Amino acid sequence: MLDPVVLAFEGREYRRSELDAAVSGFATVLRQRGVRPGDRVALMSSNRPEFVIALYGIWRAGAAVVLLSSSWKRAEVEHALALTAPTHAVGDQPLLAELMPTLGLDEPFAPLSEPAGAVPDPDSDAVFVFSSGTTGMPKAVRHTHASFATAVEHWGRALALGPTDRLQIATPPSHILGLLNIATVLDRGGYLRLHRRFDIDTLLAHIGIDGITVEMAVAPIALAIASHPDLETFDLSSLRYIMWCATPVTPSIAESVTRRTGVSWVTAYGASELPVLACNDLAGARLDTVGRAPAGVQLRVVSLDTGEPLPAGESGEIQARSDSVMAEYLPAADTAAAFDDGWYRTGDVGHLDDDGYLRITDRAKEMIKVRGFQVAPAEIENVLLGHPAVADCAVFGIPDVADGEAVVAAVTTRSDVDATELVALVEDSLARYKRPRDIVFVEEIPRLPSGKVLRRVLKERHGCTSDH
């Protein structure tokens, strides 16, 4: 019977049988500590094999996992614990141990070979992840075993993953993308390497060392790959494609990587609430679209003004319907507003073409209203990122008495450039009302681990604390 290596971390490797025995042993420890089916167990861990063992051990014990980001501060962790009320905790973060009794991931336990146990009730809770929180404290997103298993099936099928595929993960495992990648690779019998933290040289080297077949890249990783001066010296021949996730594609960055390496990109689109909304065709990169809905997911676009469904080609809010959708938010009172007659409201703006390909233009709540015109930050950002001196940027709106809102662009640079030159670039490329009122030069653009821009933070730094 084949017993391949399925999990690797630094110098450690786990064969399938070893990982399964570790999961069973951990589940036994949890039961001995009083964890019962239906309980909620908080898990706050760095990226390491014990995260995977704890995740599956909690499930094997019949409990649900509450995933806490290891980058959170006290107020965020206290907020998450208050929302979800876990009865037990597991992790490697001192902060969690200060707030409730915690089983440390470095405490020894005996691996145990035992039957896999009962299949969990599909309607029972599997995992609580947290929404991005770009406008405030995050909400908890509750997924059942049925909804999460459906998402795993959609992702595996969309990426055509199988036992010969090999992935590496340097993104936080508590985020829906990291979680989905871990669960899907292991479900498909593939190989997974975890990295303690993101380091571009380590990441690129392990593509060749491990024969990585699919590379996951959120925006900061994509930028680091494109900016690497010695990119051509790394062996990337095993890659089927690079997947751009979590944020809109910056074509100039993606095209630079393809030009230098010959590796193409695939784009996808998902959310904590409905993990796989769309994925592009694996053959051939199309950077102008996030692809089409996979089998089992329906997409529609509705008017931002009336809520009525729109025909192909017209822009509005993107909505989706699928068995992979969350069960609810916590607090539960926020759930109703997230749905429109059974359709999950993404809050994203875009349009479908006649062939079902989806194009995203921006977040509805991040749209800037200038003299009644809706301005998409991503449109201006793509123009600014085309300037050779601009390394990164983010566009946001601030209140303006005359125009309603004014456009401001925060920019990091790799060489000297004058603000007037950047303003002129936008004015030459886009409508005049989309021209930035101000260019603010900053050391870095604040982002979530997923790569999403924290526009709220930029507004606060600019002296505007309200979201528009």
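Here the structure is a predicted model, which means the values were calculated and not measured.

Conventions used here
Residues numbered from 1 in each chain as written. Predicted model: local features only at pLDDT ≥ 70, side-chain atom pairs only at ≥ 80, totals over all residues. Heavy atoms only, no water. Buried < 20%, exposed > 50% of the residue type's maximum accessible area, 1.4 Å probe, protein only. Helix = DSSP H or I, 4+ residues; strand = E, 2+ residues; numbered from the N terminus. Contact = heavy atoms within 4.5 Å. Arc of directions from axis to C-beta. Salt bridge = Lys/Arg side-chain N within 4 Å of Asp/Glu carboxyl O. Pairing = 2+ DSSP bridges. Axes fitted to C-alpha atoms, helices over the stretch in contact; angles between N-to-C directions. Right-handed = clockwise from strand over helix to strand, strands pointing away.

Engineer: Would you mind showing me how to read helix α8 (residues 219–227) here?
Structural biologist: Helical geometry: 3.6 residues make up each α-helical turn, so side chains three or four residues apart lie on a common side. What α8 keeps buried is the set Ala219, Ile221, Ala222, Ala224, Ile225 and Ala226. Among the structural elements, α7 (200–210), β11 (214–217), β12 (241–244), α9 (251–261) and β13 (265–269) are those in contact with the buried residues of α8.

Engineer: Please clarify how helix α3 (residues 74–84) should be interpreted in this entry.
Structural biologist: Burial in α3 covers these residues: Val77, Ala80, Leu81 and Thr84. What you see down the axis of α3 is that its buried residues fit within an arc of 95°, all on one side. If you follow the buried residues of α3, they end up packed against β3 (40–44), β4 (64–68), α4 (94–99), β7 (125–130), β8 (140–144) and β17 (328–330).

Engineer: Got a minute to help me understand the pattern of salt bridges in this structure?
Structural biologist: Proximity of charged atoms lets side chains of opposite charge pair with each other. Counted according to the given criterion, the structure contains 29 salt bridges. The salt bridge partner of glutamate 381 is arginine 455, with a shortest N-O separation of 2.7 Å. Of this pair, glutamate 381 sits in helix α10 (residues 377–384) while arginine 455 sits in helix α12 (residues 455–461), placing them 74 residues apart in sequence. Note on accessibility: glutamate 381 and arginine 455 belong to one class, buried. With its nearest N and O atoms 2.7 Å apart, the salt bridge here joins aspartate 392 to arginine 447. One end of the pair, aspartate 392, is in strand β23 (residues 390–400); the other, arginine 447, is in the loop between β25 (438–441) and α12, and 55 residues separate them in sequence. Residue class for aspartate 392 comes out buried when judged on its relative accessible area of 15%.

Engineer: Is there a simple way to explain the sheet that holds β25 in this structure?
Structural biologist: Sheets are built from strands that pair by backbone hydrogen bonding, the pairs being arranged parallel or antiparallel. Across the sheet, which stays open at both edges, the three strands sit in the order β23-β24-β25 with mixed pairing between neighbours. Pairing within the sheet leaves two strands with one partner each, and these edge strands are β23 and β25. Across this sheet, the average inter-strand angle for adjacent strands is 25°, counted without regard to direction. Judged from the four bridges that link them, strand β24 (residues 404–413) and β25 form a sheet pairing that is parallel.

Engineer: Would you take a moment to explain unusual backbone geometry for this structure?
Structural biologist: Comment: phi is negative for the bulk of residues other than glycine, and the bulk of peptide bonds are trans. Geometrically, the link from leucine 330 to proline 331 is a cis peptide bond, its omega value of 5° lying close to zero. Position of proline 331 relative to the elements: it lies in the loop between β17 and β18 (339–340).

Engineer: Looking at this structure, how should I read the pairing of β12?
Structural biologist: Within a regular strand, side chains alternate between the sheet's two faces. With burial as the criterion, each face of β12 is covered, one bearing Tyr241 and Met243 and the other bearing Ile242 and Trp244. Across four bridges, the pairing between β11 and β12 is parallel. When the sheet's bridge partners are listed, valine 214 is paired in β12 with tyrosine 241. A crossover links β11 with its parallel partner β12, the connecting element being α8, and its sense is right-handed. Inspection of the sheet shows β12 paired to β13 by three bridges, in the parallel sense. The partner of isoleucine 242 across the bridge, within β13, is tryptophan 265. In this fold, β12 hands off to α9, which returns the chain to β13; that crossover is right-handed.

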